[in-house]
Amino acid sequence: MNLIRCSQVNLAFHQSKLLGPGVHSYGERMVEEYEFDYILSSDSGKMITEGETVPLQPGMFFVRKPGTKVEGITHYSSWYVRFRTEDPFSLPVFYCHLPLSLCNPVFQKIYDLHLYQPKDYQYRIDYQMNTLLYYLYQETTFSNNTVPENHPLAKICKEMEHSWNKKHSLDYYVTLSGYSKSRFCHLFKEVYQISPIQFLQRQRLKNVCCRLIETDQSVKEIMIENGFRNEQSFFRAFKEYTGETPLSYRKKHRF
């Protein structure tokens, strides 16, 4: 993943219900700058991108480039950021799903930076924007958008995302899928380029990242809270996922 430098960053909280009751369209428009649109809530909201209509759900992260045709249909709320960059970047999908626990703290920091403009504003804004890009690249490595929504694996993947902290065994998800255990593991890795166990561990590591940013709990407390028992394997897994130690990750993401 290449790092990007951002300029003319403009971030706002979007709330379409301010338009009043009933369905409203913002009209089709041509995107002039790079845009991130992160859906926080939706009440039958829709997004039409290049003619493709997508019902909005919390956690959807839209990436738009100059020249993209887009139309928003009420009602929904989102973090909406526009920016320019001379460093082109590419993503395999125009939207994906990212957890609120990961993205919301980053958008809050970008909003505060945009509002107060500290002396090291450019460094900090670039860091936070690249953090979002990092999450996007990580997620789209095995995006659910490559699998039809009615495919058994897509449904199981969603269930794993929502219930990773309920201490279900792998056999629980195998049973839900209707496949044999060996077939399930083989298909899962073939589609998502990661094993089911690694996927569940990744969900736990995402929450570890969030807890490091949002709380003052010790690293050990967070480790145990998220189901890790061996410190050595935890630190190794965390560094493989983020490229940093837990303490350096906390220091860099908390200003």
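Use the structure listed above.
For clarity, every value in this text was computed on a predicted model and none was experimentally measured. (Residues numbered from 1 in each chain as written. Predicted model: local features only at pLDDT ≥ 70, side-chain atom pairs only at ≥ 80, totals over all residues. Heavy atoms only, no water.)

Novice: Would you mind going over the packing of aromatic side chains in detail, with residue names and values included?
Specialist: Each aromatic ring pair is specified by the distance between its two centres and by the angle formed by the two planes. Following the criterion strictly, the structure yields 21 aromatic pairs and no others. Through a chain of ring-to-ring contacts, three or more aromatic side chains come together here, namely Phe 13, Tyr 34, Phe 36, Tyr 38, Phe 61, Trp 79, Phe 83, Phe 107 and Tyr 111. For Arg 204, the ring lying beneath its charged end belongs to Phe 228, and the centroid distance is 4.1 Å. (Phe/Tyr/Trp six-rings, centres within 6.5 Å; stacked < 30°, edge-to-face > 60°. Lys NZ or Arg CZ within 6 Å of the ring centre and 35° of its normal.)

Novice: Give me the lowdown on the environment of Tyr 76, citing residues and values where you can.
Specialist: Take Tyr 76: it is sitting in strand β8 (residues 76-84). Measuring from C-alpha to C-alpha, the distance between Tyr 76 and Met 47 comes to 9.9 Å, with 29 residues separating the pair along the chain. Among all residues touching Tyr 76, those that are not within four sequence positions of it are His 14, Gln 15, Ser 16, Tyr 26, Ile 39, Ser 41, Ser 42, Gly 45, Lys 46, Met 47 and Leu 56. (Helix = DSSP H or I, 4+ residues; strand = E, 2+ residues; numbered from the N terminus. Contact = heavy atoms within 4.5 Å.)

Novice: Describe the pairing of strand β3 (residues 34-42), and please don't skip the residues or the numbers.
Specialist: Pairing between β3 and β8: eight bridges, direction antiparallel. In the strand pairing of β8, Phe 36 is matched with Val 81. Direction of pairing for β3 relative to strand β6 (residues 60-64): antiparallel, over a ladder of four bridges. Its bridge partner being in β6, Phe 36 is matched across the sheet by Val 63. (Pairing = 2+ DSSP bridges.)

Novice: How would you explain the packing of helix α3 (residues 152-163) against helix α6 (residues 196-214) if you had to name every residue and give the values?
Specialist: Each pair of packed helices can be summarised by the angle the axes make with each other and by the distance between the axes. The N-to-C vectors of α3 and α6 enclose an angle of 40°; their axes lie 9 Å apart at closest approach. Of the two elements, α3 crosses α6, and the hand of that crossing is right-handed. Taken together, the residues of α6 that come into contact with α3 (itself represented by Cys 157, Met 160 and Glu 161) are Pro 196, Phe 199, Leu 200 and Gln 203. When grouped by side-chain class, the residues that make up the contact of α3 with α6 number five nonpolar, one polar and one charged. (Axes fitted to C-alpha atoms, helices over the stretch in contact; angles between N-to-C directions. Left-handed = near helix turned anticlockwise from the far one by under 90°. Nonpolar A, V, L, I, M, F, W, Y, C, P; charged D, E, K, R; others polar.)

Novice: Any chance you could break down the pattern of salt bridges for me, citing the residues and the numbers?
Specialist: In total, this model carries 11 salt bridges according to the counting rule given. A salt bridge links Asp 37 to Arg 64, with the nearest nitrogen and oxygen atoms 3.0 Å apart. Taken as a pair, Asp 37 in strand β3 and Arg 64 in strand β6 lie far apart in primary sequence, 27 residues in all. Note on Asp 37: relative accessible area 4%, which makes it buried. The residue Lys 220 makes a salt bridge to Glu 231 at a minimum N-O spacing of 3.8 Å. Pair noted here: Lys 220 is in helix α7 (residues 219-225) and Glu 231 is in helix α8 (residues 231-242), with a separation of 11 residues, a long-range link. With a relative accessible area of 48%, Lys 220 lands in the partly exposed category. Linked by salt bridges that have partners in common, Arg 29, Glu 35, Asp 37 and Arg 64 make up one network. (Salt bridge = Lys/Arg side-chain N within 4 Å of Asp/Glu carboxyl O. Buried < 20%, exposed > 50% of the residue type's maximum accessible area, 1.4 Å probe, protein only.)

Novice: Tell me what's going on with a nonpolar patch on the surface, and back it up with residues and numbers.
Specialist: Taken together, the side chains of Tyr 111, Leu 115 and Tyr 116 present a nonpolar region at the surface, about 350 Å² in accessible area. Mapping Tyr 111 onto the fold places it in helix α1 (residues 100-116). (Patch = residues over 30% accessible without salt bridge, like charges linked within 9 Å, V, L, I, M, F, W, Y side chains within 5 Å. Areas by Shrake-Rupley, 256 points an atom, 1.4 Å probe, with all protein chains shown as cover.)

Novice: Account for the nonpolar core, naming residues and giving values.
Specialist: Ranked by size, the top nonpolar core spans 42 residues in total, and within it Phe 36, Phe 61, Phe 83 and Phe 107 carry the most contacts. Among all residues touching Phe 36, those that are not within four sequence positions of it are Phe 61, Phe 62, Val 63, Trp 79, Tyr 80, Val 81, Phe 83, Met 129, Leu 132, Leu 133 and Leu 136. By size, the runner-up hydrophobic cluster in this structure holds 15 residues, among which are Phe 188, Tyr 192, Phe 199 and Leu 200. (Core = buried A, V, L, I, M, F, W, Y, C linked by side-chain atoms within 4.5 Å.)

Novice: Could you give me a rundown of helix α5 (residues 181-192), with the residues and numbers involved?
Specialist: Its 12 residues place the ends of α5 16 Å apart at the C-alpha level, agreeing with the 16 Å of an ideal helix rising 1.5 Å per residue. Those residues of α5 that sit buried are Phe 184, Leu 187, Phe 188 and Tyr 192. Viewed end-on, α5 has its buried residues packed into an arc of 105°, placing them on one side of the element. Opposite the packed face of α5, turned more than 90 degrees from it, sit the exposed residues Ser 182 and Glu 190. Contact partners of the buried residues in α5: α3, α4 (170-177) and α6. The positive-phi residue at the C-terminal boundary of α5 is Gln 193, with phi of around 55°. (Expected span 1.5 Å × (residues − 1). Arc of directions from axis to C-beta.)

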